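# Topology and contacts: notes
Each chain is listed here by its residues.
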Amino acid sequence: MPETTTPPSELTSQYAAQVTGDLERNAKEQERLGAEIASLQEQLASLQHDHTVLVNMQQALGITTAPAEPAAEPESAAVPSPRQKAGAARGGKPRTRKSTTAPGKEAAKKPVAKTEGAPKAAQPTLVELIRRHLLELKEPRSAAEISEALGQAHPERQIATKVVRVTLEGLVAKSQAERTKQGKSVFYTAPAPESAGASDAEAQSEDADR
């Protein structure tokens, strides 16, 4: 009897030790994967934020993606091509010549009409919105205040304060806005009428010299 009872107890202790070790490894692996998932989620959130900022900066610079639409036109214009082959198989040579010239003219006209109409229907750029807002201001405003006002006036557009600040600095560099500092805060206003009048006078003198 003692010989039959001792082996099971040893096996039980071995299995218990193995199960305990497996549980520890499983817990550590869960912790490692959880940390990696959290890190990847943070990276994804950062990339999404950067994407939003870049899209706003693209809008501020006036870059549109409208020219990418005519790229799909050759597919619709090339639809009559199987009909041309079918006509050629039947022996209708005059039909193939007419069908090849007509789609070519339509394909040449359609992209021009769309590309010409796209800029007219486009919304005003962020630069134009900021310039108009500065002209309406009676007091200097910070980039955050301007961004908040534009966001309320145009809720359909995602206007970030960082993009507004970059756009304002660009307008200041072009003398289309003025910047003042009060302590650590920076405020922006439209250019003074005197500077605008001086620029008009310079333009008139240049025309007189010519």
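The preceding data block contains the structure.
Residues numbered from 1 in each chain as written. Predicted model: local features only at pLDDT ≥ 70, side-chain atom pairs only at ≥ 80, totals over all residues. Heavy atoms only, no water.

A tally of regular secondary structure across the protein gives eight helices and two strands. When the helices and strands of the protein are placed in sequence order, the string is α-α-α-α-α-α-α-β-β-α. Within the protein, buried positions represent 17% of all 210 residues. Counted over contacts in the protein with a minimum sequence separation of 6, partners at least 24 positions apart contribute 57%. As displayed, the protein offers around 16,100 Å² of accessible surface, 56% of which is attributable to carbon and sulfur atoms. (Helix = DSSP H or I, 4+ residues; strand = E, 2+ residues; numbered from the N terminus. Buried < 20%, exposed > 50% of the residue type's maximum accessible area, 1.4 Å probe, protein only. Contact = heavy atoms within 4.5 Å. Areas by Shrake-Rupley, 256 points an atom, 1.4 Å probe, with all protein chains shown as cover.)

Let us now look at unusual backbone geometry. With a phi angle near 60°, Ser 175 is a residue other than glycine that sits in the positive phi range. Counting through the fold element by element, Ser 175 comes out in the loop between α7 (161-173) and β1 (178-182). Classification of Ser 175 as exposed rests on a relative accessible area of 58%.

Next up on the list: the side chain of Thr 189. Relative to the elements of secondary structure, Thr 189 occurs in strand β2 (residues 185-189). Taking relative accessible area as the criterion, Thr 189 reaches 18% and is therefore assigned buried. Apart from the residues lying within four places of it in its own chain, the contact partners of Thr 189 are Leu 134, Glu 139, Pro 140, Ala 177 and Glu 178.

Right, let's talk about α7 for a bit. The first and last C-alpha atoms of α7 sit 18 Å apart over 13 residues, in line with the 18 Å expected at 1.5 Å per residue. Three or more residues of α7 are buried, namely Val 163, Val 164, Thr 167, Leu 168, Leu 171 and Val 172. In the stretch just after α7, Ser 175 is the one whose phi turns positive, near 60°. (Expected span 1.5 Å × (residues − 1).)

This next bit is on the pairing of β2. Note that β1 and β2 share five bridges and pair antiparallel. Bridge assignment links Arg 179 to a residue of β2, and that residue is Tyr 188. Counting the residues in the hairpin turn of β1 and β2 gives two residues, including Gly 183, whose phi is positive at 75°. (Pairing = 2+ DSSP bridges.)

Turning to helix α5 (residues 126-136), a few remarks are in order. Among the residues of α5, Leu 126, Leu 129, Ile 130, His 133 and Leu 134 are the ones counted as buried. Buried residues of α5, viewed axially, fall in a sector of 135°; they line one side. (Arc of directions from axis to C-beta.)

What follows is about the packing of α5 against α7. The interhelical angle for the contact between α5 and α7, taken along N-to-C directions, is 75°, at an axis separation of 10 Å. In terms of orientation, α5 and α7 fall into the roughly perpendicular class. Here α5 contributes Leu 126, Val 127, Ile 130, Arg 131 and Leu 134 to the contact with α7, which in turn contributes Val 163, Val 164, Thr 167, Leu 168 and Leu 171. Residue composition of the contact of α5 with α7, grouped by class: eight nonpolar, one polar and one charged. (Axes fitted to C-alpha atoms, helices over the stretch in contact; angles between N-to-C directions. Parallel < 35°, antiparallel > 145°, perpendicular 65-115°, else oblique. Nonpolar A, V, L, I, M, F, W, Y, C, P; charged D, E, K, R; others polar.)

This paragraph deals with the pattern of salt bridges. Taken as a whole, this structure holds five salt bridges when the rule is applied. Glu 29 is paired through a salt bridge with Arg 32; the nearest N and O atoms lie 2.3 Å apart. Residue Glu 29 and its partner Arg 32 are both found in helix α1 (residues 2-60); the two are separated by three residues, about one turn of the helix. A single network of salt bridges, built from pairs that share partners, joins Glu 29, Arg 32 and Glu 36. (Salt bridge = Lys/Arg side-chain N within 4 Å of Asp/Glu carboxyl O.)

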